[in-house]
Amino acid sequence: MQGRCPRCGVPIRGIYRVSKRSNSYYVAVHVDGTQHYLGPLYYKYGTRTNRIVVRGAIDINRELKYMEEITKAITEERLGREAIINAIEEVMKATAELITTATQKHPEITEVITPWIEYINRLVRNQ
């Protein structure tokens, strides 16, 4: 397998699973032989003590999954009123930063993102 390390972006030879007791962990082996620990697919204890699944670096889409789980927590009313307001404010700030950064790095996506920005603006104005 050729690719890049999920932790540092350096080219890797592969990702390998290491089993210890009842747990499996993942390690990225770089082309030069050095390794990066990627953790388990998900952290059992961290997941038990949180309301979301805490994922290891092996899951390259973990941030998107966290966003989905936070959205689910809001819609299922697992959060209190103030926590919901704070979460939405943080999501809106992050969204604004994401749009700014993405359109600066990839100006060609502006055309695709514009309808979403207009939609969000209409939602905010109608509240």
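Residues numbered from 1 in each chain as written. Predicted model: local features only at pLDDT ≥ 70, side-chain atom pairs only at ≥ 80, totals over all residues. Heavy atoms only, no water.

(A) Molecular detail of the pairing of strand β2 (residues 11-20). Summarising the sheet, strand β1 (residues 3-4) and β2 pair through two bridges and their orientation is antiparallel. The residue bridging Arg4 from the neighbouring strand is Pro11, located in β2. Joining the antiparallel neighbours β1 and β2 is a turn of six residues, in which Gly9 adopts a positive phi near 85°. Summarising the sheet, β2 and strand β3 (residues 23-30) pair through eight bridges and their orientation is antiparallel. Residue pairing across strands places Arg17 opposite Tyr26, the latter belonging to β3. (Pairing = 2+ DSSP bridges. Helix = DSSP H or I, 4+ residues; strand = E, 2+ residues; numbered from the N terminus.)

(B) Representation of the sheet that holds strand β4 (residues 35-39) in the model. Across the sheet, four strands lie side by side as β1-β2-β3-β4; this open sheet has antiparallel pairing. The open sheet has two free edges, formed respectively by β1 and β4, since each of these has just one partner strand. Here four bridges tie β3 to β4, and the two strands are oriented antiparallel to one another. Paired with Val27 across the bridge in β4 is Tyr37.

(C) Examining the pattern of salt bridges more closely. Under the counting rule described, the total for this entry stands at six salt bridges. Between Glu69 and Arg55 there is a salt bridge whose closest N-O contact spans 2.6 Å. Of this pair, Glu69 sits in helix α2 (residues 62-75) while Arg55 sits in the loop between α1 (44-48) and α2, and the two are 14 residues apart along the sequence. The closest approach of N and O atoms between Arg81 and Glu82, which form a salt bridge, is 3.1 Å. Residue Arg81 is classed as exposed on the basis of its relative accessible area of 62%. (Salt bridge = Lys/Arg side-chain N within 4 Å of Asp/Glu carboxyl O. Buried < 20%, exposed > 50% of the residue type's maximum accessible area, 1.4 Å probe, protein only.)

(D) Molecular detail of a nonpolar patch on the surface. Where nonpolar side chains cluster on the molecular surface, the patch consists of Ile88, Met92, Trp116, Tyr119, Leu123 and Val124 and spans about 610 Å² of accessible area. Sorting the residues of the nonpolar patch by element identifies α3 (81-105) and α4 (110-125) as the ones contributing at least two each. For the nonpolar patch, the element with the most residues is α4, which contributes four residues. Summarising the element assignment, Leu123 is placed in helix α4. On the basis of relative accessibility, which here comes to 39%, the residue Leu123 falls in the partly exposed class. (Patch = residues over 30% accessible without salt bridge, like charges linked within 9 Å, V, L, I, M, F, W, Y side chains within 5 Å. Areas by Shrake-Rupley, 256 points an atom, 1.4 Å probe, with all protein chains shown as cover.)

(E) View of the environment of Gly39. Along the polypeptide, Gly39 turns up in strand β4. Exposure remark for Gly39: the relative accessible area of 0% places this residue in the buried category. It is 15 Å that separates the C-alpha atoms of Gly39 and Gly14, two residues lying 25 residues apart in sequence. Sequence-distant contacts of Gly39, defined by excluding residues within four places in its chain, comprise Tyr25, Tyr26 and Ile58. (Contact = heavy atoms within 4.5 Å.)

(F) Focus on the side chain of His30. By the secondary structure assignment, His30 is in strand β3. Overall, the relative accessible area of 4% leaves His30 in the buried class. Of the polar contacts made by the side chain of His30, one reaches the side chain of His36; its length is 3.5 Å. (Polar contact = N/O pair within 3.5 Å; in protein donor to acceptor, adjacent residues only side chain to side chain.)

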